[in-house]
Amino acid sequence: MKKAGIGAKTYLVFLLVLMYLPIGVVVLFSFNASTARTPTVFTGFSLQWYEALFDGEALKNSLVIAGCSVGLSTVLGTLGALGQVRRTARRRLAAAAQGVMESLTILPIMLPEIILGVAFMLLFSALGLRSGMLTLVLAHTTFCVPYVYLLVKSRLATMGDDLENAARDLGASPAQALRTVTLPLTRPAILSGALLALAMSLDDFVISFFVSGAGATTLPLKIYSSVRYGVSSQINALCVVMLAAVFLLVGVSQLLLRKKN
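A quick note: this is a predicted structure, and the numbers were derived from the prediction, not measured.

A.B. asks: Describe the overall build of the protein, listing the residues and the values that go with them.
C.D. replies: Across its full length, the protein holds 11 helices and 0 strands. Each helix and strand of the protein, placed in order from N terminus to C terminus, yields the pattern α-α-α-α-α-α-α-α-α-α-α. The burial tally for the protein puts 36% of its 261 residues in the buried class. Taking contacts inside the protein between residues at least 6 apart in sequence as the whole, the part at least 24 apart equals 70%. Looking at the protein as shown, the accessible area adds up to about 15,200 Å², and 69% of this sits on carbon and sulfur atoms.

Put into structure tokens, the structure is as follows:
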């Protein structure tokens, strides 16, 4: 038993080192003072790559696109979940109809990204929309809505409508019951969906590649275009910022879920 325990611990340590050592190398070389195209030797500590990063247009574009798409997808996903759950509960839709509506709502995250990217490109071209910030926001909003929808719908389904009906019986209007009862109870799910949508928007490359235009470069697109000519320390800094953002979002999401439980 003791040998088995030592073997399991050794395997776990080896697995963790194998998973996180490359990330540690990226973090280390993001502070490298070397100006070589692909630095392989750490020559000194410097923050110059982070300064150049935050002065870049790609980061600003990604933040603007993510902020707009998360705001729109949070509103649309929450309203869609409210409408779906309340309509199902009151009108007793057939199971087949519920399944079709559910599938149509989450279709953007079920399709391969390359197919969705081509579809967006063709649609925007047919509508006469020039590729740029607007098309990026519309595309990101579309594939972010299902994440918010699924989380909010799950919360509403487990919560039921007893409290909302009680508020209505006490004289509250539908809008007051929604504002004072339903939305506060679903706030953790809404915030979790918004954080997940933010992470997906900042991380997207394939769809953004098809719908971006001149002056609308995002962080993933910049990383891809730069990596083709060598991995500079600025690319490492970009990766560290994105990793930090993802870890932060996951941590906040876990705290919200614990608070809800």
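Moving on from the model shown.
A.B. asks: Break down the packing of aromatic side chains for me, with residues and values.
C.D. replies: In the structure shown here, the tally under the stated rule is 4 aromatic pairs. Seen from their ring centres, Phe31 and Phe45 are 5.2 Å apart, and the 10 degrees between their planes marks the pair as stacked. Here Phe31 is found in the loop between helix H1 (2–29) and helix H2 (48–54), whereas its partner Phe45 is found in the loop between H1 and H2, with 14 residues between them in sequence.

A.B. asks: Explain the nonpolar core to me, using residue names and the numbers behind them.
C.D. replies: In this structure, Phe120, Ala139, Val152, Leu156, Ile207 and Val211 are the most contacted members of the largest nonpolar core, which totals 25 residues. Among the secondary structure elements, those contributing two or more residues to this core are helix H3 (57–91), helix H5 (113–127), helix H6 (133–159), helix H8 (174–203) and helix H9 (206–211). At 10 residues, H6 tops the list of elements feeding residues into this core. In this structure, Val211 is in contact with Gly117, Phe120, Met121, Phe124, Ser131, Gly132, Thr135, Leu136 and Ala139, ignoring residues within four places of it in sequence. Counting residues in each nonpolar core, the second largest holds 12 residues, with Tyr50, Leu219, Leu238 and Met242 among its members.

A.B. asks: Explain the layout of surface pockets to me, and be specific about the residues and the numbers.
C.D. replies: Of the voids in this model, the largest pocket is the one considered here, and its volume is about 230 Å³. Around the largest pocket, the lining is made up of 14 residues, and of these Leu202, Val241, Met242, Leu243 and Ala245 lie nearest the centre. At the level of secondary structure, the elements contributing two or more residues to the lining of the largest pocket comprise H3, H8 and helix H11 (233–260). A per-element tally of the lining of the largest pocket places H11 first, with 6 residues. Split into classes, the residues belonging to the lining of the largest pocket amount to 12 nonpolar, 1 polar and 1 charged.

A.B. asks: An account of the environment of Val181 is needed here, citing residue identities and associated values.
C.D. replies: With respect to the helices, strands and loops of the structure, Val181 is situated in helix H8. Between the alpha carbons of Val181 and Ala166 there is a distance of 9.8 Å; along the sequence they are 15 residues apart.

A.B. asks: Any chance you could break down H6 for me, citing the residues and the numbers?
C.D. replies: Helix length check: H6, at 27 residues, gives a terminal C-alpha distance of 38 Å against a target of 39 Å (1.5 Å per residue), a fit within 8%. Taken as a whole, H6 carries its principal kink of about 30 degrees at Cys144; the proline Pro146 stands between one and four residues after it.

A.B. asks: Explain the packing of H6 against H8 to me, and be specific about the residues and the numbers.
C.D. replies: In contact at an axis separation of 8 Å, H6 and H8 are set at 150 degrees when each is read in the N-to-C sense. As judged from the angle between their axes, H6 and H8 are roughly antiparallel. In the crossing of H6 with H8, the sense of the turn from one axis to the other is right-handed. Here H6 contributes His140, Phe143, Cys144, Tyr147, Val148, Leu151, Val152, Arg155, Leu156 and Met159 to the contact with H8, which in turn contributes Thr182, Leu185, Thr186, Ala189, Ile190, Ser192, Gly193, Ala194, Leu196, Ala197, Met200 and Ser201. Of the residues contributing to the contact of H6 with H8, the split by class is 15 nonpolar, 6 polar and 1 charged.

A.B. asks: So, the side chain of Ser192: which residues are in play, and what are the values?
C.D. replies: The topology assignment puts Ser192 in helix H8. Contact partners of Ser192, with chain neighbours within four places excluded, come to Leu151, Ser253, Leu256 and Leu257.

What counts, and at which threshold
Residues numbered from 1 in each chain as written. Predicted model: local features only at pLDDT ≥ 70, side-chain atom pairs only at ≥ 80, totals over all residues. Heavy atoms only, no water. Helix = DSSP H or I, 4+ residues; strand = E, 2+ residues; numbered from the N terminus. Buried < 20%, exposed > 50% of the residue type's maximum accessible area, 1.4 Å probe, protein only. Contact = heavy atoms within 4.5 Å. Areas by Shrake-Rupley, 256 points an atom, 1.4 Å probe, with all protein chains shown as cover. Phe/Tyr/Trp six-rings, centres within 6.5 Å; stacked < 30°, edge-to-face > 60°. Core = buried A, V, L, I, M, F, W, Y, C linked by side-chain atoms within 4.5 Å. 1 Å grid on protein atoms, 1.4 Å probe; cavity = no way out; pocket = protein on both sides within 12 Å on 5 of 7 lines; lining within 4 Å. Points joined across faces, edges and corners; volume = space filled by probe spheres on them. Nonpolar A, V, L, I, M, F, W, Y, C, P; charged D, E, K, R; others polar. Expected span 1.5 Å × (residues − 1). Bend = angle between axes of the 7 residues up to and from the residue. Axes fitted to C-alpha atoms, helices over the stretch in contact; angles between N-to-C directions. Parallel < 35°, antiparallel > 145°, perpendicular 65-115°, else oblique. Left-handed = near helix turned anticlockwise from the far one by under 90°.

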